[in-house]
Every structure is written in structure tokens, then in C-alpha cells.
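Examining the three-dimensional arrangement
One letter stands for each residue in the lines below.
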Amino acid sequence: MRQWMNIAKEAIARASIVVKFICLLHVTDSYLLSSSHVLGPSMLPTLNTTGDVVLVEHLSHRIGKLGSGDLVLVRSPLDPKKSITKRIIAMEGDKVTFSARNHSFRSLVVPKGHVWIQGDNLYVSRDSREFGPIPYGLVQGKVFFRVWPPKGFGSLGQ
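Residues numbered from 1 in each chain as written. Predicted model: local features only at pLDDT ≥ 70, side-chain atom pairs only at ≥ 80, totals over all residues. Heavy atoms only, no water.

Applied cut-off: UniProt positions are given in the numbering used here, feature names are shortened, and annotations may be inferred rather than shown by experiment.
An unreviewed UniProt entry lists the protein under the name Mitochondrial inner membrane protease subunit 1, with Durio zibethinus as the source organism. UniProt lists a comment for the protein under the heading Subunit (unreviewed entry), and it reads "Heterodimer of 2 subunits, IMP1A/B and IMP12." Heading Subcellular location (unreviewed entry) of the UniProt record for the protein holds this comment: "Mitochondrion inner membrane".

Put into C-alpha cells, the structure is as follows:
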């Protein structure tokens, strides 16, 4: 009987270590740093169409340290199951003038609690010109580093 008790204690101790590790991974991925695979032509020439793996930090947007020019990972307002990577063009209170899909020019002031995002490749990007300013709450993090492909390894500063 004593042997079974020792085995049970050992199993519980190991399970506890695994649970703690999984919790640490969750906290790190959700609140500190995660990776994301970015596909598509909307961010050319900054990111490749064939796909880049980038690092996303999740602190800046929580403490209000994002600004114009930052690359961000955003929950898509058109399909909440997807995330998109775009550049912040304007912050709340900034005036934006843009060309709409019908080639007319429009101006607006970004409302409080929103940001204006656009892809670097304006001709193919679906962005705020299509769906308007996005709520700050849809911003998931700031893209700051490319880890793949190796040729592009490095910082993605402004």
C-alpha cells in the first residue's frame, strides 16, 4: 500500500509541474509575446506574400504605447475568426484623408477609442478605407520582429 501512495504522490507532483508549465505558456502567449504567421500581399514590401513568421508583443497596446507607423496584429472586423496585420496610420483625434474604393477622396476624424489602419500595399489591402476606424479593443499586439524567412530576420521598426 505504501508503494502505491509514493507512486500517487509522484504522479501528482509531475502533473502539477505540467499544469504550471501550461499556465506559463498561456500567460506568455496571451499577455507577453507570441508568434504569428502573416500571409498575403497587403503588407508588401514590408512583409512577403509567401508568408512571414513575426513576433508580436502584447504589452504596448494595453498600456497605450502604440502610435502612427506601428505594425499591429488586429482581430479582423469583417471575420472575427481571423487576425490581420496592418500599419497604424492615425490615432484617435487625428484627421485622415483617404481615397475610397470609388476613387473619391474623403476626410474624417478618428473617433475616441479607435485607430485607422492600412496595409502598405494600398491597391490590394482591405483596411480602414473599407471598414472604417477600428476599435482599440480589436488590437491584439504590436508586430516588432520577423523570425522567418531567415533572409528577412530582424526588427520591423517604423
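Next, the rest of the story.
**Details of the overall build of the protein**
Definition in use: Note on conventions: DSSP H or I runs of at least 4 residues are helices, E runs of at least 2 residues are strands, and numbering of each starts at the N terminus. Two things to know: the radius of gyration comes from C-alpha atoms, and the globule rule equals 2.2 Å times the number of residues to the power 0.38. Burial classes follow relative accessibility: with a 1.4 Å probe on protein chains only, a residue under 20% of its type's maximum area counts as buried, one over 50% as exposed, and anything between as partly exposed. Note on definitions: a residue-residue contact is assigned when non-hydrogen atoms from the two residues lie within 4.5 Å. The accessible surface values rely on the Shrake-Rupley method and a 1.4 Å probe; as for residues, cover is taken only from the protein chains in view. Charge assignment: positive for Lys and Arg, negative for Asp and Glu; neither His nor the chain ends contribute. Taken as the charge location is NZ of Lys, CZ of Arg, CG of Asp or CD of Glu.
Each helix and strand in the protein was counted, giving 2 helices and 10 strands. Seen in sequence order, the protein has helices and strands lined up from the N terminus as α-β-β-β-β-β-β-β-α-β-β-β. For 158 residues, the compact-globule formula gives about 15 Å, and the C-alpha radius of gyration of the protein, at 21 Å, lies well above that figure. Its C-alpha atoms give the protein principal-axis dimensions of roughly 80 × 40 × 25 Å. Each of the 158 residues in the protein was classed as buried or not, and the buried ones make up 35%. Look at the contacts in the protein between residues 6 or more apart in sequence, and 52% of them connect residues 24 or more apart. Counting only carbon and sulfur atoms, one obtains 62% of the accessible surface of the protein, whose full area is about 10,000 Å². Side-chain charges of the protein comprise 20 positive and 11 negative groups, with the mean position of each set lying 4 Å from the other.

**Some words on the pairing of strand E7 (residues 114–118)**
Under the convention used in this document: In this scheme, strands are said to pair when DSSP sees at least two bridges between them.
Taken across its 5 residues, E7 has 4 buried, putting it largely inside the fold. Sheet topology note: the strand E4 (residues 83–90)/E7 ladder contains 3 bridges and is antiparallel. When the sheet's bridge partners are listed, Ala90 is paired in E7 with Trp116.

**Remarks on the packing of aromatic side chains**
The condition that has to hold: When the centres of two rings from Phe, Tyr and Trp lie within 6.5 Å, Trp using its six-membered ring, the rings pair. Their planes under 30 degrees apart give stacked, over 60 give edge-to-face, and anything left gives tilted.
On inspection of all chains with the given rule, the structure shows 3 aromatic pairs. Taken together, a centroid distance of 5.0 Å and an interplanar angle of 85 degrees make the contact between Phe145 and Phe153 edge-to-face. In textbook terms, an aromatic cluster arises when at least three aromatic residues are bridged by ring pairs, as seen for Phe144, Phe145 and Phe153.

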